[in-house]
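What the coordinates show
What follows is the residue order along each chain.
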Amino acid sequence: MDKTHAHPHTETKKVIDRLSRAIGHLESVKKMVEEGRDCSEVLIQIAAVRAAVNNVGKMILQDHINHCVVESIETGDTKVLQDLSEAIDKFVK
């Protein structure tokens, strides 16, 4: 599924930066497990990683609505709405 966009996404750098931080945080959680750290501490950190990833998803969703969806509707492309609906369904599961 290699789709590119003809228009810029305004939040790309922020998304990449946040993903990098979440990846680093997840690596730290993995190290905690390897070190045998307390399960409660690990679960709290997993919750933090999950929240960070969800927040990145929200940023991408907002950017998609503000750019891809608006542009597609302006050009009469309604398929983007079906794609968005499917993506939201998978995102919120």
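Now for a look at the structure at hand. (Residues numbered from 1 in each chain as written. Predicted model: local features only at pLDDT ≥ 70, side-chain atom pairs only at ≥ 80, totals over all residues. Heavy atoms only, no water.)

Moving on, we get to the overall build of the protein. Helix and strand counts for the protein come out as 3 helices and 0 strands. Across the protein, helices and strands are ordered from the amino to the carboxyl terminus as α-α-α. Compactness check: the protein gives a C-alpha radius of gyration of 17 Å against a globular reference of 12 Å for 93 residues, more than 25% above the reference. Across its three principal axes, the protein shows a C-alpha extent of roughly 55 × 25 × 20 Å. Counting every position in the protein, which comprises 93 residues, the buried fraction comes to 18%. A separation threshold of at least 6 residues defines the contact pool for the protein, and within that pool the share at least 24 residues apart is 57%. For the protein, the centre of its 13 positive side-chain charges and the centre of its 15 negative side-chain charges are spaced 4 Å apart. (Helix = DSSP H or I, 4+ residues; strand = E, 2+ residues; numbered from the N terminus. Rg over C-alpha atoms; globule rule 2.2 N^0.38 Å. Buried < 20%, exposed > 50% of the residue type's maximum accessible area, 1.4 Å probe, protein only. Contact = heavy atoms within 4.5 Å. Lys, Arg positive; Asp, Glu negative; His and termini not counted. Charge placed at Lys NZ, Arg CZ, Asp CG, Glu CD.)

This part covers the pattern of salt bridges. Inspection of every chain in the model, using the stated rule, returns 4 salt bridges. Salt-bridge contacts for R37 lead to E41; the nearest nitrogen and oxygen are separated by 2.8 Å. (Salt bridge = Lys/Arg side-chain N within 4 Å of Asp/Glu carboxyl O.)

Turning next to the packing of helix α1 (residues 12–34) against helix α2 (residues 39–74). Two numbers describe how α1 lies on α2: the axes approach to 10 Å, and their chain directions differ by 165°. Relative to α2, the element α1 is oriented roughly antiparallel. Both α1 and α2 take part in a crossing whose hand is left-handed. Two secondary-structure elements touch here, α1 through K14, V15, R18, L19, A22, H25, L26, V29, M32 and V33 and α2 through E41, V42, Q45, I46, A48, V49, A52, V53, N55, V56, M59 and I60. (Axes fitted to C-alpha atoms, helices over the stretch in contact; angles between N-to-C directions. Parallel < 35°, antiparallel > 145°, perpendicular 65-115°, else oblique. Left-handed = near helix turned anticlockwise from the far one by under 90°.)

This paragraph deals with a nonpolar patch on the surface. A surface patch of nonpolar side chains, amounting to about 250 Å² of accessible area, comprises I88, F91 and V92. In this structure I88 comes out as partly exposed when scored by relative accessible area, which is 32%. (Patch = residues over 30% accessible without salt bridge, like charges linked within 9 Å, V, L, I, M, F, W, Y side chains within 5 Å. Areas by Shrake-Rupley, 256 points an atom, 1.4 Å probe, with all protein chains shown as cover.)

Take the side chain of D63 next. Structurally, the position occupied by D63 is in helix α2. Although D63 lies buried, it forms no salt bridge, and the closest oppositely charged side chain, K14, sits 9.5 Å away as judged by the N-O distance. Contacts of D63, omitting those with residues within four sequence positions, involve H9, T10, E11 and C68.

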